[in-house]
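# Structural characterization, general
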Amino acid sequence: MAADESTPLLENSQARTKTPLPKTQLGLSLFVLFSEPISSQYIFPFINQLIRELGVTGGDDRKIGYYAGVIESLFFVTQALTALYWSRLSDYVGRKPVLLVGLAGLSISNLCFGLSTNFWMLVASRCIAGALNGNVGVMKSIIGEITDNTNMAQAFALIPIVFSVGASIAPLYGGGLVKPHDHWPKLFSGSFWVQFPYFLPCVVSASFAAFSFFITALLLEESLPSKRRGKELQLEIGAQDGAPSDKAASPVPIRTLLKTYSVMIPIANYGILGLVDIGFFALVPLFYATPVEIGGLGLSPFVIGVCMTAFGIGNGLFQMLFTARAIERFGERRVFCSAVLAFFPIIATFPIMSWVISVQKEVGVAIWVLIFAQMLSWAVVDMAYAVIFVFVTRASPNKYSLGTMNGLSQTTTSIARAMGPATFTSLFAFSKQYNLLGGNLVYVLLLVLLCLLVFLSRRLPELKKDKQ
């Protein structure tokens, strides 16, 4: 039976045995996807220090949060403006061409970031990265096309692992490779490294994006049904499903998708999830780096990098061991609704740590226990991503609209993530500067958004485990 604009991908009646994962193409897809966290997260350990050294704040450290938030948000602002167009374009020209443009943009922008000598150069490089990059949405479309409903959750459960590994490696070299002329003067003794002390971690990220470009060009297969085998595939589809209508064999109009309740509910959940999560992700290094007298922990960039690396490794192991099993046993909806509740202890640990360090005046055992509890709760939250990817993919009216669906979801979460860093880091700085609610106003806003996410999560449907 041909799918129409209101029929989700998963609506077939008979349950089937689980299809084996396409290991080669899935592995290549995940490897290329690895360039995303590598390119986006390596700046977090040193961005606050970089803003300080550029003299943007005029020596007032309380304003660092404002400018750091702008830099962290710009990638997502420009991505939000272009992600839907790249994903929509991939529904027509194929996934590979769009991926190649995105990877080239990442490589160039990372090099530009490392060569920046003022605030506006940082702004331009992050804008280039976001404007040319729609890869996350396109990559999720590829995974949705090379899997079916019996193994889709298992495949999407690997995405948080990729981002966790990236989150472990990127902050490590992001914090460890800055100012190489100080750490390894014999190897990096030239004036270039003094003038551009943050170039080394940037060139590492640029090199990986360039390598992923060649992997994509040479080894990754096109997955878009209309481009994969052309007319031969269309004949097969016609034989299997009865000749598909033009609507079933072409992307559904964006306006139709926007008016469809079953489409917008998972997209709304994804957007709010991204907003709360990126707010937390931006606050962690800022809170950890903020001086103790202002209410932070006063940790160095290297220690922050080690903390993020430890979380990345632990989170990757956690997702690998528990996410797919939890989805298989409890179902997608129950796992998502439970995972988002873990945001509550994450938010609570911030003011608790501020209070503890105000009493102890140093980072002691109690602080490290609270940091561990915060990171463990964050790992539980990350289970929600694997699930929401499945909801978005299976809400698509047909496979020809997967790019548009993921483009809409990526645009939504990009808007949220564009607002998040600047909003939450600025509100953090504003709260500390004027002592609003004891410096805790930012956490109240996070709680309000979290309550909205909990409400929306209860509107997601139950999913069946049959083949598409």
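Predicted, not measured: the structure shown is a model, and the values here were computed from it.

What counts, and where the lines are drawn
Residues numbered from 1 in each chain as written. Predicted model: local features only at pLDDT ≥ 70, side-chain atom pairs only at ≥ 80, totals over all residues. Heavy atoms only, no water. 1 Å grid on protein atoms, 1.4 Å probe; cavity = no way out; pocket = protein on both sides within 12 Å on 5 of 7 lines; lining within 4 Å. Points joined across faces, edges and corners; volume = space filled by probe spheres on them. Helix = DSSP H or I, 4+ residues; strand = E, 2+ residues; numbered from the N terminus. Nonpolar A, V, L, I, M, F, W, Y, C, P; charged D, E, K, R; others polar. Core = buried A, V, L, I, M, F, W, Y, C linked by side-chain atoms within 4.5 Å. Buried < 20%, exposed > 50% of the residue type's maximum accessible area, 1.4 Å probe, protein only. Contact = heavy atoms within 4.5 Å. Salt bridge = Lys/Arg side-chain N within 4 Å of Asp/Glu carboxyl O. Patch = residues over 30% accessible without salt bridge, like charges linked within 9 Å, V, L, I, M, F, W, Y side chains within 5 Å. Areas by Shrake-Rupley, 256 points an atom, 1.4 Å probe, with all protein chains shown as cover. Phe/Tyr/Trp six-rings, centres within 6.5 Å; stacked < 30°, edge-to-face > 60°. Axes fitted to C-alpha atoms, helices over the stretch in contact; angles between N-to-C directions. Parallel < 35°, antiparallel > 145°, perpendicular 65-115°, else oblique. Expected span 1.5 Å × (residues − 1).

So, on to the layout of surface pockets. Size it by volume and the second largest pocket reaches roughly 260 Å³. Along the wall of the second largest pocket there are 13 residues; nearest its centre are Ala310, Phe311, Phe372, Met375 and Leu376. Where the lining of the second largest pocket is concerned, the elements lending two or more residues are α17 (301-330) and α20 (365-394). Per-element tally for the lining of the second largest pocket: the top contributor is α17, with 7 residues. Per-class residue counts for the lining of the second largest pocket are 11 nonpolar, 2 polar and no charged.

Turning next to the nonpolar core. Ile71, Phe113, Leu273, Tyr288, Leu297, Phe336 and Tyr443 are the most contacted members of the largest nonpolar core, which has 117 residues in total. At 16 residues, α20 tops the list of elements feeding residues into this core. Excluding residues that lie within four positions of it along the chain, Phe113 makes contacts with Tyr42, Ile43, Phe46, Ile47, Leu50, Ile71, Leu122, Ser125, Arg126 and Cys202. Residues Leu84, Val252, Leu257 and Val263 belong to the second largest nonpolar core, which totals 9 residues.

With that out of the way, let us pick up the pattern of salt bridges. Scanning the model with the defined rule gives 3 salt bridges in all. The residue Arg95 makes a salt bridge to Asp91 at a minimum N-O spacing of 3.0 Å. Given a relative accessible area of 0%, Arg95 falls into the buried group. Among the salt bridges present, the one from Arg95 reaches Glu145, with a minimum N-O distance of 2.4 Å. A residue pair is termed long-range when its members are at least 10 positions apart, and Arg95 in helix α5 (residues 95-114) and Glu145 in helix α7 (residues 135-146) qualify at 50 residues.

Before going further, it helps to spend a moment on a nonpolar patch on the surface. Among the surface-exposed residues, Ile313, Leu317, Met320, Leu321 and Phe322 lie close enough to one another that they form a single nonpolar patch of about 500 Å² accessible area. Mapped onto the elements of the fold, Phe322 is located in helix α17.

Inspection of the secondary structure puts Thr404 in helix α21 (residues 402-434). When sequence neighbours within four positions are dropped, the list of residues in contact with Thr404 reads Leu84, Ser87, Arg88, Asp91, Ile254 and Leu257.

Attention now goes to the packing of aromatic side chains. One pass over the structure, following the stated rule, counts 28 aromatic pairs. Their ring planes at 75° and their centres at 5.3 Å tell us that Phe34 and Phe208 sit as a pair that is edge-to-face. One end of the pair, Phe34, is in the loop between α1 (23-33) and α2 (35-41); the other, Phe208, is in helix α12 (residues 199-218), and 174 residues separate them in sequence. Residue Phe34 shares its accessibility class with Phe208, and that shared class is buried. Between the aromatic rings of Phe192 and Phe196, the centroid separation amounts to 5.0 Å while the plane-to-plane angle is 50°, which identifies the pairing as tilted. The exposure class assigned to Phe192 is partly exposed, which follows from its relative accessible area of 33%.

Viewed as axis vectors pointing N to C, α5 and helix α6 (residues 119-131) meet at an angle of 170°, and their least axial separation amounts to 8 Å. With respect to α6, the axis of α5 lies roughly antiparallel. Within the contact between the two elements, α5 uses Gly105, Leu106, Ser109, Cys112 and Phe113 and α6 uses Leu122, Ser125, Arg126, Ile128 and Ala129. Along the lines of polarity and charge, the residues of the contact of α5 with α6 split into 6 nonpolar, 3 polar and 1 charged.

In this section: helix α16 (residues 261-289). Across its 29 residues, α16 extends 43 Å between first and last C-alpha, which sits within 8% of the 42 Å expected from 1.5 Å per residue. The element α16 is extensively covered by neighbouring structure, given that 24 of its 29 residues are classed as buried.

Bringing empty space enclosed by the protein into the picture now. To find leftover empty space, one rolls a probe the size of a water molecule over the atoms. This structure, assessed with the given rule, holds 3 cavities of 30 Å³ or more. Of the pockets and cavities examined, the largest cavity occupies roughly 530 Å³. Around the largest cavity, the lining comprises 29 residues; the ones closest to its centre are Gln41, Phe163, Asp277, Tyr385 and Arg417. For the lining of the largest cavity, the elements supplying multiple residues, two or more each, are α2, α4 (64-93), α7, α9 (158-176), α16, α17, α20 and α21. Of all the elements, α9 adds the most residues to the lining of the largest cavity, at 5 residues. Residue composition of the lining of the largest cavity, by class: 16 nonpolar, 6 polar and 7 charged. Taken together, 15 residues make up the lining of the second largest cavity; nearest its centre are Asp61, Arg62, Leu286, Thr290 and Phe428. Considering every element that reaches the lining of the second largest cavity, the biggest residue donor is α21, with 4 residues. Among the residues forming the lining of the second largest cavity, the class breakdown is 7 nonpolar, 4 polar and 4 charged.

Limitation: the analysis is restricted to geometry and does not speak to function.
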